[in-house]
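Tertiary structure, described
One-letter residues, chain by chain:
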Amino acid sequence: MGVPTESAGSLTDLFAPRRVAVVGATDREGSVGRAIVKNLAPFGGEVVGVNPSRESVLGVDCVDSLAEAGDPDVAVVAVPPDAAVEAVRTAGEVGIGSVVVITAGFGETGSEGAARERDLREIAAEYELDLVGPNSLGVIGTGAGFNATFGPDAPLKGSISFLSQSGAFVTSVVDWARDRGLGFRNVVSLGNKAVLDEVDFVREWDEDPETDVIVGYLEGIDDGRGFIEAARACETPIVLVKSGRTDAGARAASSHTGAIAGSDRAYEAGLEQAGVLRAQTVQELFDAAETLAGQPLPEGDGVAVVTNAGGPGVMATDAVGDSRLSLSSFSEETTSRLREAMPDAASVHNPIDVIGDADVSRFRDALAAATADPNVGMATVIAAPTAVLSFDALAETILAIREETGVPIVACLMGGESARIASGALSEAGVPAHFDPARAIEGLDALDEYREIGSREYDDPMSFDVNRERAREVLDRATERGDNRIGVEATDLLDAYGIPTPEGAVVESPGEAERVARGVEGDVVMKIVSPDILHKSDIGGVRVGVADGEVADAYEDLVARARNYQSDATVLGVQVQELVDTEQGVETIVGMTRDPQFGPLLLFGLGGIFVEVLEDTAFRVGPVSEREAREMVGEIDAAPLLRGARGREPVDEAGIVEAIGRLSQLVTDFSEIVELDINPLVATPDGVCAIDLQLTVEP
C-alpha cells in the first residue's frame, strides 16, 4: 500500500500535474523515452526532459538532472534499472511528490531485481513518495490531457477510471474502447506495485467526483483484507477482471478445506464480501462499467422488454432467466393501456412485441406504458431494422423516456451501419447500445447487483469470551513434537474457544482407555491419533459403539491397523470419546485455510466422508460477522436438511453460526494455524458438537 504523504488520500498531482519531468527523454526512434515525450505533446502543463546528452527532445527542453528540472510535480523515469533507482532517490531529495517508474528489471526478473525493488520501497518510504511501478506502462489523466505512457494511443475522455496490473492490457483496452466510443477519466498501469497498489487507487478515485465507475484487471491483490475494507468504504462502483481462476495454482493441501478451496476461492469470497462486481471477460467488464456509469439505480429487479422482433425478445427473456433479474408482470392498468395503443396482433404482455411494422410512435407508447408500471425497475428496447423505423428517432425517444421516468434503459439495436449513428448517440448520453440482447440484460444485471451492494450493511466480526492462554498452551505443546500436523489431541483448543466437544480423552494404553471409557456414559467411539494418518476411516482407524468390555481389545486393534498401514507412523495414542447420537443430526464441516493475500478463508458445508465428493460448501474471508456466518449456513444446497426437511426436526442453526464465529476468532487470533477442519461438526436440535479435528500449523 501507498506511503502516507502530506496530502494523504489524494493523488491529484499524479493525474493532473502542472509540470512533469521525463527522466530518459530522447528522440531515438523506437525508444520508450521518445514515445513518452511524444504522448505528452497535447499536455497543457509544462514538460521538461532529463537527458545530459540533449539540449531538447521533440521540442521539449532538456536539463542534466532532476535537480535542475524546476520543481516538477511528477517525475516519469525511463532509464536503465540502476539509474532508475538513483533517479527516484534524486526525486525524493529535491521534493518531487510523485514518481512513475516505467523501467523494468526489478522484482519480476529475479533476486538482483528484487533487491533493486526493495531499494525503491525504502527510498519511497524515506521521502514519502507516491510511486507507481516499476515495470509500468505509465499513467493517464484525460482531464488534464496528461498521457505519461508509451502506449500507441490516448484514450477518449470519459468517467471510467481504469487500473491494470498488465501494461499490454491497458494498450489493448484503450484501443478497443476508442473503437466503441468509450472514454476514461484516469488510467494507471500498476506494474510491480512496489508502493502504490489497487487499494490506493480505489480510495483516490472514490473521492474523485469525475469518476463514475472504477474498473480493473488484476492478477493478484497484495493486501486482501485492506482491499475489502477500502472497497466496502467506496461509494463508487468497482468492476474487476481477476485472472487465474483455475485450480492449477493451488498449493498442496492436507485438509479437506485446503483441498476444496483451490486457487480462486479466496478471491471469489473476498471480492463478493468487498462489494466488487467480478467480470469474467473484457466485454463483460466494460458492458457493466458502461451501464453503471450512465444509468440511475433501479428501484427493483423487474425487467420490461419492448421489441419489434419476436426471436430477439425470446433471447432477452432467456437471458433474464439466466440472471438475478426477473421478467416483470404488468399490472392490469398497464396491459389495458397497451391494448389501447397497440394493434391486435401485438403482444401486450412481457415481453411486449410491437410487431414488425412498428414505427417510433408505437415504440414510444409501449416503452412509456412499461416504464410507468410499478413492477418495472428497468427496461430494454430491442429493435431490428425495418423500412418504417428510424433508429435515430428511436434513440431520441429512448433518451427522452429515460429522462422523464428515471428508469434505467439499455438498448439493443440489431443492425450494422444503419444503427451506428443511433448507437453512438445513445452511448454518448449514457445508454449502452448493443447488438446482442443477452449483453443488454447482463448490463442491467450488473446494475441490479450494484443496487443490492449499495444497500448492504457491514457488521463487526463476531467476538466471544475465550481462553487464549489455554489455546496457546495447546498449540505450543503440540508443536513441540516437531510435527506441524495436529489431530484430535488438540481438542482442548476447541474447548478453549467454546466450541462444544464430546466427553473423552486421548490415551496411551489399553488400561487408560478402559478407565476413560468407564467415566463416559454408554458406549464410546475410539479413533487412532496420528499426525501421519489424515483420513482415519479409510484404514479402519475408527471404531463406533464400543462397549466397556471391548475397549482394551479395540485399542490394540486400532494401533495394529495404524502400524500395518504405515509402519513408521507416529502414533500418539487412541482417542476415547463419548458416542454422540447423530440420528437426528446432520454432519457438517467447519474449516479454514489461510490464503496468502486474504488471510483466513472459512468454509462451511455438508460434512462427513462425502465433503470432498459433494463439495456442498460456502466460503467467507474471516473474521466474519454474525450476518456473514448466517449467510454461509443458508447458502449450501443442503440447507433444507438443517431446517427440518422431510419431517425431520430442525437443527440448532444458531449453534452452527456461533461455532463458525468462534472458529473465525480462533484462526484470526492465531495466525500460525494455516489449515483447520472440524469434520464432522454434528448439528442436532439440541446443539452442535465437534467430533473430529485436524489442523496444520506453521510455527
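Comments concerning the confidence of the model for the protein chain
A residue-level look at the protein chain finds 95% of positions with pLDDT of 70 or above and a mean pLDDT of 90. Residue range residues 1-9 is modelled with pLDDT below 50. Its contacts to residues more than four positions away, or to other chains, number 20 contacts. Contacts for the low-pLDDT stretch residues 248-258, under 50 throughout, to residues beyond four places or in other chains number 36 contacts.

Topic: the environment of Arg-337
Among the secondary structure elements, Arg-337 is positioned in helix α12 (residues 332-341). Residue class for Arg-337 comes out partly exposed when judged on its relative accessible area of 41%. Put simply, Arg-337 and Gly-356 are 19 residues apart on the chain and 20 Å apart in space, counted from C-alpha to C-alpha. Setting aside its immediate chain neighbours within four residues, Arg-337 contacts Ala-368, Ala-369 and Ala-372.

Looking at the pattern of salt bridges
Overall, the coordinates contain 36 salt bridges when judged by the stated rule. Among the salt bridges present, the one from Asp-27 reaches Arg-54, with a minimum N-O distance of 3.3 Å. Note that Asp-27 is positioned in the loop between β1 (19-23) and α2 (32-39) and Arg-54 in the loop between β2 (46-50) and β3 (56-57), a separation of 27 residues in sequence. With relative accessibility at 30%, the residue Asp-27 sits in the partly exposed group. Arg-472 is the salt-bridge partner of Asp-476, the closest N and O atoms lying 3.4 Å from each other.

Considering the packing of aromatic side chains
For the coordinates displayed, the defined rule picks out 12 aromatic pairs. Among the aromatic side chains, those forming a connected cluster through ring pairs are Phe-162, Phe-169, Trp-176, Phe-184, Tyr-217 and Phe-286. A cation over an aromatic ring shows up here: Arg-116 above the ring of Phe-106, its NZ or CZ 5.9 Å from the ring centre. If you follow Arg-468 out to its NZ or CZ, it ends over the ring of Phe-670, 5.6 Å from the centre.

Looking at the packing of helix α11 (residues 310-321) against helix α16 (residues 437-454)
A pair of packed helices is captured by two measures, namely the crossing angle of their axes and the spacing between those axes. Packing of α11 against α16 brings their axes to within 8 Å, and their N-to-C directions diverge by 35°. Like other packed secondary-structure pairs, α11 and α16 cross with a definite hand, here right-handed. Residues Pro-312, Met-315, Ala-316, Ala-319 and Val-320 of α11 form the contact with α16, whose own contacting residues are Pro-437, Ala-438 and Ile-441. Each residue belonging to the contact of α11 with α16 can be placed in one class, and the counts come to 8 nonpolar, no polar and no charged.

Here's the deal with the pairing of β2
Judged from the 5 bridges that link them, β1 and β2 form a sheet pairing that is parallel. Bridged to Val-20 within β2 is Val-47. Crossover connection from β1 via α2 to parallel β2: handedness right-handed. Examined bridge by bridge, β2 and strand β4 (residues 60-63) share 2 bridges and lie parallel to one another. What sits directly across from Gly-49, in β4, is Cys-62.

Conventions adopted
Residues numbered from 1 in each chain as written. Predicted model: local features only at pLDDT ≥ 70, side-chain atom pairs only at ≥ 80, totals over all residues. Heavy atoms only, no water. pLDDT = per-residue confidence, 0-100. Contact = heavy atoms within 4.5 Å. Helix = DSSP H or I, 4+ residues; strand = E, 2+ residues; numbered from the N terminus. Buried < 20%, exposed > 50% of the residue type's maximum accessible area, 1.4 Å probe, protein only. Salt bridge = Lys/Arg side-chain N within 4 Å of Asp/Glu carboxyl O. Phe/Tyr/Trp six-rings, centres within 6.5 Å; stacked < 30°, edge-to-face > 60°. Lys NZ or Arg CZ within 6 Å of the ring centre and 35° of its normal. Axes fitted to C-alpha atoms, helices over the stretch in contact; angles between N-to-C directions. Left-handed = near helix turned anticlockwise from the far one by under 90°. Nonpolar A, V, L, I, M, F, W, Y, C, P; charged D, E, K, R; others polar. Pairing = 2+ DSSP bridges. Right-handed = clockwise from strand over helix to strand, strands pointing away.

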